[in-house]
Amino acid sequence: MPHTDESVQVHPEDLRRQLGIDAALRRAAITAIAAIFVLLAVVPSSQSETAAAILLLACGGLWLALSLTTARTARQMAHFQELAARDPRGAEALLRTLMRRYPLHRSVRLLLHYRVASLRHRQMRFDVASPLCQAILAERRGVPREARAHLLAMLVEASLYHGDTWGAYHALSTLHAMKLTLNETLEKMALQVNYEIAVGRDDLPIESITTTLAMAELLPPPLFGALHVTLWAAAARCGHTALADWLLARAHLLCSEDQIRQLAQGAWMPKVAERPH
Amino acid sequence: MLRRYVPALRLAWQILPRMTTIPSFHGRAVAFLAHGLDQVGAYDAAITTYDYMIDRLPSHHPGSQQMRIARSIAHLNNGQLADADTGLRGLRRQVAAQSYPPIQATLRFACLLQQIRTNHFAEACEEAETLQEGLRPLGVEAGYGHALMALAWHVQSDAPHHTLGGDEAATWWSRATRLLPPGVLTARFPELDAVDLAYPAAPTLSSVINAPATNVAGT
């Protein structure tokens, strides 16, 4: 998906700043509400029952306004993936609108930045996506487990794309330590194969190719096809000509000619799947 | 999905009562049951299960479209050609209007199966050029479509004006068996037995793994 000129500019330091503003506004609101209750307790109600009722309504309204902003933002992000696939400009415009909203609950703010990171990753703008992924992962609270796994997978992909095997190793080892769903485990398996080949260990994925290919049938077809191209290159380098020919013939059935050429050049990469939230 | 359908069906049936309190998981378990019943040839039960899911999904939902295509395929496998035709007619325009490649590919496969089941082999062969690209989003499951195209060409190879029908059938059968084993193909569509006997299958992974590696330096 090509990026547009109207794309939202988001930097990793924006996340900390926005989380700080959200927290400060929520604290201010809670302080104001607490102060109102204290005032009501201290000032005898006989002096102004109307004023007390108005203040209580104001407390409720303030709290409702804060909650509605978060709820509305979360609802608008629920279908973001479909919007991004169907209308990239509309997706960027929506992100620009949502980024300006304050205050948001911590988990919703993190989810918003996660969506930006996913979008940039799909656009292969790893220079923007990777720092965002790292900034989100650095936050201990509020990041759902599924998003954490996907952020790590994106970091592995981006690191391998740039030849940063140390970065890929670090993210991959963190993924290995996590409890993953079946889909996430299969995607981790594909990333593991790419990593082993990137560090020059072509023999490792070839040794376990029967199991790998059997399990990989459960991957989304683009990832499954791309795995064949990767394994073909490894088999060819190991001198397994018959196996390489077999893998390439299968790759031609699973991927188009353009995709195979771009995969071989590193210009295209099917992405690990984003999880709905 | 590793084609161990009977144990998978048994497990899905056992866990189904526990999913009733979580509608999304319950729906997935029922969809899984429908798929498994379809694969083991219990088409009447599969169609009933597909009907259950279709009644509970919005008509424009991609899941509903997928279920309806799968139901039409089950109708075709069960000999209910008129029901299949009614289902597929309604879906063609709907699916063309949206852009989910796997659903479009599944519909393409269903239409091919309809042509085979209604003996329109010549029509199927005329559309062969776009079939490989059309079924690509299905991954290995595209092998079923390639096998049916091989059957169409095999039948046409007896026709006087299709002198290359045998070559085409062999090519499509090779593609099909490169994606799926011949036993899996013939178990799903028994009419492919004739094609399996007539044409060689592609080499299997185990046969090429055991081939000796050449010198890495290329000598």
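These numbers come from a predicted model, not from an experiment.

1. With respect to the overall build of chain A
Item 1. Per the secondary structure count, chain A includes 14 helices and zero strands.
Item 2. Reading chain A from its N end, one meets helices and strands in the order α-α-α-α-α-α-α-α-α-α-α-α-α-α.
Item 3. Against the compact-globule benchmark of 19 Å for 277 residues, chain A has a radius of gyration of 24 Å, which places it well outside the compact range.
Item 4. With respect to the principal axes defined by its C-alpha atoms, chain A has extents near 95 × 35 × 30 Å.
Item 5. Among the 277 residues that make up chain A, the fraction classed as buried is 35%.
Item 6. Look at the contacts in chain A between residues 6 or more apart in sequence, and 67% of them connect residues 24 or more apart.

2. So, the packing of helix α3 (residues 43-55) of chain B against helix α4 (residues 62-77) of chain B
Residues and elements named next belong to chain B.
Item 1. Close contact between α3 and α4 brings their axes to 9 Å; oriented N to C, the two are set at 160 degrees. One element, α3, and the other, α4, form an angle in the roughly antiparallel class. Where α3 crosses over α4, the two elements pack in a sense that is left-handed. Contact with α3, carried on its side by Tyr 43, Ala 46, Ile 47, Tyr 50, Met 53 and Ile 54, involves Ser 64, Met 67, Arg 68, Ala 70, Arg 71, Ala 74, His 75 and Asn 77 of α4 and no other residues of that element.

3. Here's the deal with the domain arrangement of chain B
Interfaces are frequently sized by the accessible area removed from exposure as the parts join.
Item 1. Split by domain assignment, chain B resolves into domain 1 (1-99) and domain 2 (119-203).
Item 2. Between domain 1 of chain B and domain 2 of chain B, the C-alpha centre-to-centre distance is 25 Å.

4. Quick look at the packing of α4 of chain B against helix α5 (residues 81-97) of chain B
All names here are of chain B.
Item 1. Relative orientation of the contacting elements α4 and α5 amounts to 150 degrees, with a least axis distance of 8 Å. As summarised for this structure, α4 and α5 are arranged roughly antiparallel, according to the angle between their axes. The two elements α4 and α5 meet at a crossing, and its hand is left-handed. Contacts between α4 and α5 involve Gln 65, Arg 68, Ile 69, Arg 71, Ser 72, His 75 and Leu 76 from the former and Leu 81, Asp 83, Ala 84, Gly 87, Leu 88, Leu 91, Gln 94 and Val 95 from the latter.
Item 2. Grouping the amino acids of the contact of α4 with α5 by side-chain chemistry returns seven nonpolar, five polar and three charged.

5. Topic: the nonpolar core
Nonpolar side chains in soluble globular proteins generally cluster together in the buried interior.
Item 1. Ranked by size, the top nonpolar core spans 119 residues in total, and within it Val 156 of chain A together with Ala 147, Ala 150 and Ala 152 of chain B carry the most contacts.
Item 2. Contact partners of Ala 150 of chain B, with chain neighbours within four places excluded, come to Ala 169, Trp 172, Trp 173, Ala 176 and Val 195 of chain B.

6. Digging into helix α7 (residues 145-161) of chain A
Residue and element names in this part refer to chain A.
Item 1. Given a rise of 1.5 Å per residue, 17 residues ought to cover 24 Å, and the 24 Å separating the end C-alpha atoms of α7 matches this to within 8%.
Item 2. Counted residue by residue, α7 has 13 buried out of 17 residues, so it is predominantly covered.
Item 3. Trailing α7 by a residue or two, Gly 163 shows a phi angle of about 75 degrees, which is positive.

7. Brief notes about α5 of chain B
All names here are of chain B.
Item 1. Its 17 residues give α5 an end-to-end C-alpha distance of 25 Å, which sits within 8% of 24 Å, the value for a rise of 1.5 Å per residue.
Item 2. The sharpest bend along α5 comes to roughly 35 degrees, located at Leu 91.
Item 3. For α5, the full list of buried residues reads Ala 84, Gly 87, Leu 88, Leu 91 and Val 95.
Item 4. If you follow the buried residues of α5, they end up packed against α4 and α6 (101-117).

8. Details of the interface of chain A and chain B
Item 1. Contacts between the two partners involve 19 residues from chain A, matched on the other side by 20 residues from chain B.
Item 2. Secondary structure elements with two or more residues in the side of chain A that touches chain B: α11 (209-216), α12 (221-238) and α13 (241-254) of chain A.
Item 3. The class makeup of the residues in the side of chain A that touches chain B is 13 nonpolar, four polar and two charged.

9. Brief notes about unusual backbone geometry
Item 1. With an omega dihedral of -15 degrees, the bond running from Tyr 102 of chain A to Pro 103 of chain A counts as a cis peptide bond.
Item 2. Considering the arrangement of structural elements, one finds Pro 103 of chain A in the loop between α4 (88-99) and α5 (106-122).
Item 3. Here the phi dihedral of Met 124 of chain A falls at roughly 60 degrees; this positive angle occurs in a residue that is not glycine.
Item 4. Inspection of the secondary structure puts Met 124 of chain A in the loop between α5 and α6 (126-138).
Item 5. Phi at Asn 119 of chain B is positive, roughly 60 degrees, even though this residue is not glycine.
Item 6. Inspection of the secondary structure puts Asn 119 of chain B in the loop between α6 and α7 (121-126).
Item 7. Residue classification places Asn 119 of chain B among the exposed residues on the basis of 11 C-beta atoms within 10 Å.

10. Details of the environment of Thr 165 of chain A
All names here are of chain A.
Item 1. Relative to the elements of secondary structure, Thr 165 occurs in helix α8 (residues 165-176).
Item 2. Residue classification places Thr 165 among the partly exposed residues on the basis of 15 C-beta atoms within 10 Å.
Item 3. In this structure the C-alpha to C-alpha distance between Thr 165 and Ile 209, which are 44 residues apart in sequence, comes to 22 Å.
Item 4. Once residues lying within four places of it in the same chain are set aside, the contact partners of Thr 165 are Ala 198 and Val 199.

Calculation criteria
- Residues numbered from 1 in each chain as written.
- Chains lettered and ligands numbered in written order.
- Predicted model: local features only at pLDDT ≥ 70, side-chain atom pairs only at ≥ 80, totals over all residues.
- Helix = DSSP H or I, 4+ residues; strand = E, 2+ residues; numbered from the N terminus.
- Rg over C-alpha atoms; globule rule 2.2 N^0.38 Å.
- Buried ≥ 20, exposed ≤ 12 C-beta atoms within 10 Å, placed from the backbone.
- Contact = placed C-beta atoms within 7 Å.
- Axes fitted to C-alpha atoms, helices over the stretch in contact; angles between N-to-C directions.
- Parallel < 35°, antiparallel > 145°, perpendicular 65-115°, else oblique.
- Left-handed = near helix turned anticlockwise from the far one by under 90°.
- Domains from an automatic or database assignment.
- Nonpolar A, V, L, I, M, F, W, Y, C, P; charged D, E, K, R; others polar.
- Core = buried A, V, L, I, M, F, W, Y, C linked by C-beta atoms within 7 Å.
- Expected span 1.5 Å × (residues − 1).
- Bend = angle between axes of the 7 residues up to and from the residue.

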